[in-house]
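# Geometric and topological summary
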Amino acid sequence: MKFVKMHGCGNDYVYVSGYEERLHYPSVVAKYVSDRHFGIGADGMILICPSENADFRMEMYNSDGSEGMMCGNGIRCVAKYVYDFGLTEKKKLSIETKSGIKYLFLNTENGHVSSVTVNMGKPLLEADKIPVKYPVSPVIDVPFKVNHEQYQMTCLSMGNPHAVVFVAQVSGFPVAKTGLCFENHPAFPERTNTEFVQVKNRSEICVRVWERGSGETLACGTGACAAVVAGVLNGHTEPEVTVHLPGGDLRVFYDRNHDTVWLTGTAATVFQGEIDITHIDRMP
């Protein structure tokens, strides 16, 4: 199987062209190639496929093999892939995801994509649409007990579920322990991503993210968007914010007039290669 390793702010995925490769068991392949010791090493795998409704379609698989709905960092790399490898000459793209069609605007330098702005759509605040089981809706700044600790939580969907928690310091915070408990809490029937957010000022926040199916990652595009929306709803930030993540910075603008979130960030190619998957992707 031919692949390209790419990342957006350190949120790395193995990219595979669905135009060239046919995978019988993509979830199994994703789990295998994501392994950082025995595989390629990544937060997951993304297939780039034809679409009947958009320019391209992306299928996203987490490192545990579960299929994801949407990835803000991953979709920027899809845009870079299709432009840099000559699948399109367009600088305005539509890409189909499991959470709907997203629209992207490509910024290029020397014939290659350097950064991408994505219309991430409308944040969903209704509890049953996120989904989260909680007595009130919307779930904004509500008390929530996890692992015998109580937090103030804000929940929303950016095409996938998010629980946002504001903390005094993200450095040293037990993200792995607490994030895993949030992810698998019975209140989240489809599990959840969790953002732990430190407000530096009204235009800057620091975020660490626990992603369902992948664990803590260096960055999360939908998570950055969720953190900014929560920051605005709780009165902590302005609508336009620089989000500092362990893997780099993202720019997020929550346009409240149109109830739309915009995400801007870089996309980078790491390397290309081939890997033998015949032992895991053959018919039994």
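Owing to the predicted nature of the structure, the values given are computational and were not obtained by experimental measurement.

Right, let's get into the pairing of strand E15 (residues 240-245). Consecutive side chains along a regular strand alternate between the two faces of the sheet. Within E15, 5 of the 6 residues are buried, which leaves it mostly tucked inside the rest of the structure. The pairing of strand E13 (residues 204-211) with E15 spans 3 bridges and is classified as parallel. Note that in E15 the partner of Glu-204 across the bridge is Thr-242. Here E15 pairs with strand E16 (residues 248-255) via 6 bridges, running antiparallel.

Our focus in this paragraph is the side chain of Lys-80. Assignment of secondary structure puts Lys-80 in helix H2 (residues 72-84). A relative accessible area of 7% means that Lys-80 is categorised as buried. Residue contacts for Lys-80: discarding those within four places in its chain leaves Met-6, Phe-85, His-112, Val-113, Ala-267, Ala-268 and Thr-269.

This part covers the nonpolar core. Ranked by size, the top nonpolar core spans 53 residues in total, and within it Tyr-15 and Val-243 carry the most contacts. Broken down by element, this core gets its largest block of residues, 8 residues, from helix H4 (residues 221-233). With residues up to four places along the chain from it excluded, the contact list for Tyr-15 reads Lys-2, Phe-3, Val-4, Met-6, Ile-46, Ile-48, Asn-73, Gly-74, Cys-77, Val-78 and Tyr-81. Grouped together as the second largest cluster of nonpolar side chains are 22 residues, Ile-130, Phe-144, Val-165 and Cys-206 included.

Once that is clear, we can look at the pattern of salt bridges. Note on pairing: side chains with opposite charge can pair once their charged atoms come close. By the definition in use, this model includes 13 salt bridges. We note a salt bridge from Asp-43 to Arg-36, for which the minimum N-O separation is 3.1 Å. For Asp-43, a relative accessible area of 7% puts it in the buried group. Linking Lys-90 and Asp-55 is a salt bridge whose minimum nitrogen-to-oxygen distance equals 2.8 Å. Here Lys-90, found in the loop between H2 and strand E6 (92-97), pairs with Asp-55, found in the loop between strand E3 (44-49) and strand E4 (56-62); they are 35 residues apart in sequence, far enough to count as distant.

On the secondary structure map, Asn-73 appears in helix H2. Sequence separation between Asn-73 and Ala-224 is 151 residues, and the spatial gap between their C-alpha atoms is 9.9 Å. Here Asn-73 is in contact with Gly-8, Asn-11, Tyr-15, Ala-219, Cys-220, Gly-221 and Leu-250, once residues within four sequence places are set aside. In this structure the side chain of Asn-73 is engaged in a polar contact, spanning 3.1 Å, whose partner is the side chain of Asn-11.

Quick notes on the rules
Residues numbered from 1 in each chain as written. Predicted model: local features only at pLDDT ≥ 70, side-chain atom pairs only at ≥ 80, totals over all residues. Heavy atoms only, no water. Buried < 20%, exposed > 50% of the residue type's maximum accessible area, 1.4 Å probe, protein only. Helix = DSSP H or I, 4+ residues; strand = E, 2+ residues; numbered from the N terminus. Pairing = 2+ DSSP bridges. Contact = heavy atoms within 4.5 Å. Core = buried A, V, L, I, M, F, W, Y, C linked by side-chain atoms within 4.5 Å. Salt bridge = Lys/Arg side-chain N within 4 Å of Asp/Glu carboxyl O. Polar contact = N/O pair within 3.5 Å; in protein donor to acceptor, adjacent residues only side chain to side chain.

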